[in-house]
Amino acid sequence: SKLSKFESKRMISDKIEKPADFGLDKPAATVTYVSDKGTGTILVGSKSDVVASNYVRRGEAESLYMVESYQLDVFTSDLNSFRDKKVINIDTEVTNGLKVVAKDGTTREFKRLDKDKWELTSPVKMKASADAVKNMLTALGGVWVEEFANDAPSPKDLTTYGLDKPEHTVSVSFEKDGGTRTLLVGKKKQGDEGRVYVKRDNVDHVYLVSASSLVD
């Protein structure tokens, strides 16, 4: 584990006179662990101004150590660092339908006929390129969260994000459970045209993703 592997870069002092000078009066993180020797605590203080390390002490012990910051990132990162950043899970081998509806109502709908055969069913009916459809599905499954914008958006927020009337609504259906997963694509972020607001239709969370990663 991260805790068992990190090592002190060096001991700074065997007695801490002023913990506040090292950010240990209000630690960036307090890590409590349980080992075969019992329970212990590690306090992570501020970063050194000289090297890429943090000041660290063990519980109430007097000794002060320095540990390279990268070893401590997992303890000082915010909660979003641990969240799943994949927006929508798609297995292209078991999908049997893809539907893209634009804000103006224009619809493109594809239906799987066989393993490597797809058909465009709307706006006209014709044979579709299996590779083109698979590329769209792969691109959709490859959309990753760049920022967790809002976990509890109000109706006003959804209007601001353009998610009350999405620019595109993308739905993917699956063979095994017959279920459908839908992604709503809203507006681009003001002042940041490279990112766009999206959300799943069945969850509250709003994400910012790269605009270039979305199906056109």
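Note that this is a predicted model, so its numbers are computed, not measured.

Rules and cut-offs
- Residues numbered from 1 in each chain as written.
- Predicted model: local features only at pLDDT ≥ 70, side-chain atom pairs only at ≥ 80, totals over all residues.
- Heavy atoms only, no water.
- Pairing = 2+ DSSP bridges.
- Helix = DSSP H or I, 4+ residues; strand = E, 2+ residues; numbered from the N terminus.
- Axes fitted to C-alpha atoms, helices over the stretch in contact; angles between N-to-C directions.
- Contact = heavy atoms within 4.5 Å.
- Polar contact = N/O pair within 3.5 Å; in protein donor to acceptor, adjacent residues only side chain to side chain.
- Expected span 1.5 Å × (residues − 1).
- pLDDT = per-residue confidence, 0-100.
- Phe/Tyr/Trp six-rings, centres within 6.5 Å; stacked < 30°, edge-to-face > 60°.
- Lys NZ or Arg CZ within 6 Å of the ring centre and 35° of its normal.
- Salt bridge = Lys/Arg side-chain N within 4 Å of Asp/Glu carboxyl O.
- Buried < 20%, exposed > 50% of the residue type's maximum accessible area, 1.4 Å probe, protein only.

### A closer look at the sheet that holds strand β7 (residues 107-114)
Across the sheet, nine strands lie side by side as β9-β8-β7-β6-β11-β12-β13-β14-β10; this open sheet has antiparallel pairing. The open sheet has two edge strands, β9 (126-128) and β10 (147-150), and neither has a second partner. Neighbour-to-neighbour, the strand axes of this sheet turn through a mean angle of 30°, independent of strand direction. Bridge count between β7 and strand β8 (residues 117-122): five bridges; the pairing is antiparallel. Of the residues in β8, the one forming a bridge with Lys-111 is Glu-119. Sheet strands touched by helix α3 (residues 130-141): β6 (95-102), β7, β8, β9, β11 (168-174) and β12 (180-189). Its angle to β6, the strand with the most contacts, is close to 75°.

### Things to note about the side chain of Ser-213
Position of Ser-213 relative to the elements: it lies in the segment after β14 (206-210). Of the polar contacts made by the side chain of Ser-213, one reaches the backbone oxygen of Ser-210; its length is 2.7 Å. Discounting residues that sit within four places of it in the chain, Ser-213 has contacts with Ala-139 and Val-143.

### Some thoughts on the pairing of β7
Within a regular strand, the side chains alternate between the two sheet faces. Two elements, β6 and β7, share five bridges in a ladder whose sense is antiparallel. Pairing of Val-100 across the sheet is with Arg-108, part of β7. Joining the antiparallel neighbours β6 and β7 is a turn of four residues, in which Gly-105 adopts a positive phi near 95°. Connecting β7 to the next strand, β8, in antiparallel fashion are two residues.

### A few points about α3
With 12 residues, α3 extends 16 Å between its outermost C-alpha atoms, agreeing within 8% with the 16 Å of an ideal straight helix rising 1.5 Å per residue. Buried residues along α3 sit against β6, β7, β8, β9, β11 and β12.

### Comments concerning the confidence of the model for the protein
Interpretation of this model should avoid reading the predicted coordinates in detail wherever pLDDT is low. Overall, the prediction assigns the protein a mean pLDDT of 88, with 94% of residues at 70 or greater. Of all the helices and strands in the protein, helix α1 (residues 2-5) carries the lowest mean pLDDT, 52, while helix α4 (residues 155-160) carries the highest, 97.

### Comments concerning the packing of aromatic side chains
For the structure shown, the criterion picks out three aromatic pairs. It is Arg-83 that lies over the ring of Phe-148; its NZ or CZ is 3.9 Å from the centre.

### Quick notes on the pattern of salt bridges
One pass over the structure, following the stated rule, counts seven salt bridges. The partner of Arg-83 in a salt bridge is Asp-151, with the nearest N and O atoms 2.9 Å apart. Of this pair, Arg-83 sits in the loop between α2 (73-76) and β6 while Asp-151 sits in the loop between β10 and α4, and the two are 68 residues apart along the sequence. In this structure Asp-151 comes out as partly exposed when scored by relative accessible area, which is 36%. A salt bridge links Glu-146 to Arg-195, with the shortest nitrogen-to-oxygen separation between them at 3.9 Å. Of the two residues, Glu-146 sits in the loop between α3 and β10 while Arg-195 sits in strand β13 (residues 192-200), which places them 49 residues apart along the sequence. Overall, the relative accessible area of 47% leaves Glu-146 in the partly exposed class. Look at the salt bridges and you will find they share partners, linking Glu-146, Glu-147, Asp-192 and Arg-195 into a network.

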